[in-house]
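Residues per chain, in single letters:
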Amino acid sequence: MTAARDWEPAYARRAEGMKASEIRELLKLLEQPGIISFAGGIPDPALFPAQAASTAYAEALASEGDAATALQYSVSEGYGPLREWIAHDMASRGVQASPENIIITAGSQQALDFLGKLLLTPGDTALVTAPTYLGALQAFSAYEPRYDTIRPDQTNRTPDSYSQAAQKAATGARVKLAYAVPDFANPTGETLSRSARTTLLDLAGNLDIPVIEDTAYHALRFEGPHIAALQAIDVALCGAVDKSRVVYLGTFSKTVAPGLRIGWICASRALVRRLVLIKQASDLNVSVINQRVMHQLVSDGRHAELIARARAHYRPKRDAMLAALKAHMPSGVNWTKPEGGFFIWLKLPTGVSGASLLKRAIDEAKVAFVPGAAFFHDGSGENSIRLSYSLPNTSEITTGVRRLTSLLR
Ligand SMILES: Cc1ncc(COP(=O)(O)O)c(C=O)c1O
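Below is a summary of the structure that appears in this document. Worth saying up front: this structure is predicted, and the values here are computed from it rather than measured. Per chain, residues are indexed from 1 in the order of the written sequence. For a predicted model such as this one, the threshold for reporting local features is a pLDDT of at least 70, and the threshold for listing and counting side-chain atom pairs is 80 or more; totals across whole chains, interfaces and linings nevertheless cover every residue. By convention in this description, side-chain values take in all heavy atoms of the structure and omit both hydrogens and water.

Near, as used in this document, describes a residue that has one of its heavy atoms within 4 Å of the molecule or strand being considered. Around the ligand sit G107, S108, Q109, Y133, N186, D214, A216, Y217, T251, S253, K254 and R261, and those are all the residues in its vicinity. Polar contact is defined as a pair of N or O atoms within 3.5 Å, subject to the rule that within protein one atom must be able to donate a hydrogen and the other to accept it, and that residues adjacent in sequence are counted only when both atoms are side-chain atoms. In this structure, D214 approaches the ligand through a side-chain N or O atom, which is 2.6 Å from a nitrogen atom. Within the side chain of K254, an N or O atom sits 2.8 Å from an oxygen atom of the ligand. Note on areas: these come from Shrake-Rupley sampling with a 1.4 Å probe, and a residue is covered only by the protein chains present in the view. Computed on the free molecule, the ligand has an accessible area of 390 Å², of which 92% lies beneath the protein chains in the complex. By residue number, the principal contributor to the shell around the ligand is helix α5 (residues 107–119), which donates 3 residues. Comment: elements are numbered from the N terminus, with helices defined as DSSP H or I runs of at least four residues and strands as E runs of at least two.

With that settled, the discussion passes to helix α14 (residues 394–408). A helix is expected to span 1.5 Å for every residue after the first. Between its terminal C-alpha atoms α14 stretches 21 Å, which fits the 21 Å expected from 15 residues at 1.5 Å a residue. Every buried residue belonging to α14 is among I397, G400, V401, L404, T405, L407 and L408, and all of these are buried. Viewed along the axis of α14, the buried residues span an arc of 150 degrees, placing them on a single side of the element. Contact between two residues is taken to exist if any of their heavy atoms lie within 4.5 Å; hydrogens are not considered. Buried residues along α14 sit in contact with β1 (36–37), α12 (302–328), α13 (354–365), β11 (367–368) and β13 (384–388). Between a side-chain oxygen at the N-terminus of α14 and the backbone nitrogen of S395 the separation is 3.1 Å; the capping residue is N393. Exposure classes here rest on a 1.4 Å probe applied to the protein chains alone. A residue is buried below 20% of its type maximum, exposed above 50%, and partly exposed in between. Note that the arc is computed from the directions linking the helix axis to the C-beta atoms.

Okay, unusual backbone geometry next. Between A130 and P131 the backbone carries a cis peptide bond, its omega angle lying at 10 degrees. Along the chain, the position of P131 falls in the loop between β3 (125–128) and α6 (134–141). A cis geometry characterises the amide bond from N186 onward to P187, with omega recorded as 15 degrees. Positionally, P187 belongs in the loop between β5 (175–180) and α8 (194–207). One non-glycine residue with positive phi stands out, namely D208, at about 55 degrees. Relative to the assigned elements, D208 resides in the loop between α8 and β6 (211–214).

One open sheet holds the 4 strands; their spatial order is β9-β10-β13-β12, and the pairing between them is antiparallel. Both outer strands of the open sheet, β9 (334–335) and β12 (370–371), are each paired with one neighbouring strand and no more. When DSSP finds two or more bridges between two strands, those strands count as paired. The pairing of β9 with strand β10 (residues 343–347) spans 2 bridges and is classified as antiparallel. When the sheet's bridge partners are listed, N334 is paired in β10 with K347. Structural elements are reduced to axes, namely lines fitted to C-alpha atoms, with helices fitted over the stretch in contact, and the angle between N-to-C directions of any two is expressed from 0 to 180 degrees. Most of the contacts of α12 go to β10, to which it runs at about 20 degrees, and overall it touches β9, β10 and β13.

Nonpolar cores were defined as sets of buried Ala, Val, Leu, Ile, Met, Phe, Trp, Tyr and Cys residues, with membership established by side-chain atoms within 4.5 Å. Ranked by internal contacts, the top residues of the largest apolar core, which has 46 residues, are F38, M321, L325, L346, F369 and L387. Looking at this core, the elements that each hand over two or more residues are α12, β10, α13, β11, β13 and α14. With 7 residues, α12 is the single largest residue contributor to this core. In contact with L325, other than residues within four places in its own chain, are W335, I344, L346, L387 and V401. Of all hydrophobic cores here, the second largest spans 33 residues; its members include A56, M90, V256 and L260.

Without other data, these values stay purely geometric and don't point to any function.
This is how it looks when you write it as structure tokens:
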């Protein structure tokens with residue numbers, strides 16, 4: 001038998017940044033029986049509106065006419081009534097938008113890919129927090145940027161220092177975007193304060209770059225006062241979403257179901273028109289039937305009901321994890337106290353490696369989590385880990401944290 005073909009020489013340069021991580025390999029071990037997993041970070045299927053979705057699919061196919069459109073190709077900007085619903089809903093998020101400001105995407109993950117494609121020339125700089133959402137790093141990295149770190153909570157760098165670093169890295173290269181998850185971030189669970197949001201907008205204003213605001217967990221606030229979206233703050237200052245530098249990414253994945261793959265971008269019409277061209281070239285349109293079903297699932301107050309249910313469902317899980325951490329964690333370990341979302345971020349004592357701990361945690365304690373280094377663009381974060389409480393039940397959370405803490409002791 002001849003050897004399998006070596007594909008490596010055929011790949012474009014951009015594929016170099018697309019290697020499977022060591023962590024993904026470790027996470028395969030999760031399929032072992034008896035593991036309590038804090039790794040996933042995915043919605044609890046107990047919340048999926050399966051019955052309502054089944055009815056909505058049946059309705060979308062009920063007549064020949066319905067089926068003819070539900071199963072057909074459609075316009076790349078998305079299903080009109082859903083865009084209208086979202087534009088209207090954006091007002092409750094502090095942004096007056098019209099349907100022309102909205103494009104429907106296959107989840108916000110596709111939005112991140114499209115924005116990387118539209119905004120990043122190889123060598124350009126993308127500003128991200130460290131840590132940040134791994135999926136954003138994966139999406140942007142295909143467009144070969146360099147990264148630099150923003151710390152909206154500590155204004156310790158001038159705008160010039162970012163531009164100079166970008167120019168030094170590659171001739172003609174510029175800082176091209178800033179990306180942030182302001183509410184209950186993946187992976188830290190932290191929320192940017194109002195003043196940190198203003199700091200970030202000021203920095204972006206000084207650099208004259210777009211800000212990508214990823215609001216994946218925004219609706220899942222358990223407590224504490226609402227903080228205005230970056231786009232809402234910016235629109236209040238500049239007067240209209242068409243003038244705003246903020247590109248708002250929304251998704252129904254955490255409040256309805258990720259399987260329908262429906263998210264959206266709310267931004268200036270000019271930007272949306274360019275994104276429509278990218279959508280056309282990429283996959284023409286999001287599944288029409290899924291958009292219709294999503295519209296059914298969220299309209300007439302139903303999204304608010306799903307959100308209320310999700311908050312009530314995840315809050316006790318967060319409480320159980322925080323209580324178990326407080327009761328059992330040895331000193332020297334610090335963790336975040338999220339007011340919503342799915343994640344708690346732990347800083348282990350210096351020198352303790354999250355990746356080595358994961359190997360032992362799976363073998364000896366039958367507990368899994370994600371080592372923090374995966375979320376850093378610069379290879380740091382070795383001594384941190386991300387715990388997600390979204391999937392296990394409260395008693396599994398308590399048991400899992402207890403097992404983890406006995407390892408750390
Ligand atoms: C911060 C953040 N952004 C975006 C996504 C992608 O979500 P979706 O593509 O399902 O909308 C996720 C998923 O976990 C996430 O955590």
